[in-house]
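# Summary of structural features
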Amino acid sequence: MNHTNRLPTRRKALLLGAAAFAAPLAVWAAAPTRAPLVEVWKSPSCGCCKDWVAHLEGNGFRVNVHDTGNTAMREQLGMPERFGGCHTARVGGYVIEGHVPAADIHRLLKQKPAALGLAVPGMPIGSPGMDGPAYGGQKEAYDVLLVARNGGATVFQSHR
């Protein structure tokens, strides 16, 4: 009789218990990290907003678009109108207003400052979504502002 496949009952129980505990951990560790979800409010006919959404998707974000305009949502989320752009977004508890580059949003989510969010007021040529062939490679200098909950702002990143 071959006794090599027999383990003492206690040892079997320990090995089975360890395997049962380790299997879910291995699945969890191997699971891919979900990309951050960005909720965007924009006009249904805005081409530069569509290009900005494509920029976000190309830089690791999942995007859910609401073609309902953005003025009411900007106000609801507390972004001061003076920072207004043609689209408003929400990601990771922050408000994103205007043509903010994806790299700056990633940095915001990593650093997690105490703030309302980021804004690029107006529509600077050369910013993401305002950089298509129609603009002939032109680029304006612009700042991404870190907007405080009290409505103040500081420069988060300059793009020159």
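In this report, we go over the structure that sits alongside the text. Because the structure is a prediction, the values reported are computed rather than measured.

Further remarks concern the nonpolar core. Here is a general trend for soluble globular proteins: nonpolar side chains tend to be buried in one another's company. Within the largest apolar cluster, 23 residues are counted, with the highest numbers of intra-cluster contacts made by V38, W52, L56, F61, I96, I105 and L118. For this core, the secondary structure elements donating two or more residues are β1 (37–42), α2 (47–57), β3 (87–91), β4 (94–98), α4 (102–111), β5 (117–120) and β6 (142–147). Looking at which element gives the most residues to this core, the answer is α4, with four residues. By size, the runner-up hydrophobic cluster in this structure holds 10 residues, among which are M79, L116, A119 and V147.

Looking along a regular strand, one sees side chains alternate from face to face of the sheet. Where burial is concerned, most of β6 is hidden: five out of the six residues are buried. Of the pairings in the sheet, the one linking β5 to β6 comprises three bridges and is antiparallel in character. Bridging from a neighbouring strand, A119 pairs with L145 of β6. Of the pairings in the sheet, the one linking β6 to strand β7 (residues 153–159) comprises six bridges and is antiparallel in character. Bridge pairing in β7 links L146 to T154. Hairpin connection of β6 to β7: five residues between the antiparallel strands, including G151 at a positive phi of 95°.

Here we come to the pattern of salt bridges. Evaluation of the coordinates by the stated rule reveals three salt bridges. One salt bridge connects K42 with D67, and the closest N-O pair in it is separated by 2.7 Å. In this pair, K42 is assigned in strand β1 and D67 in the loop between β2 (62–66) and α3 (71–77), connecting sequence segments 25 residues apart. Its relative accessible area of 3% is what places K42 among the buried residues. Across the pair R74 and E97 runs a salt bridge, and its minimum N-O distance is 2.9 Å. Here E97 lies in strand β4 and R74 lies in helix α3, a separation of 23 residues in the sequence.

Thresholds applied
Residues numbered from 1 in each chain as written. Predicted model: local features only at pLDDT ≥ 70, side-chain atom pairs only at ≥ 80, totals over all residues. Heavy atoms only, no water. Core = buried A, V, L, I, M, F, W, Y, C linked by side-chain atoms within 4.5 Å. Buried < 20%, exposed > 50% of the residue type's maximum accessible area, 1.4 Å probe, protein only. Helix = DSSP H or I, 4+ residues; strand = E, 2+ residues; numbered from the N terminus. Pairing = 2+ DSSP bridges. Salt bridge = Lys/Arg side-chain N within 4 Å of Asp/Glu carboxyl O.

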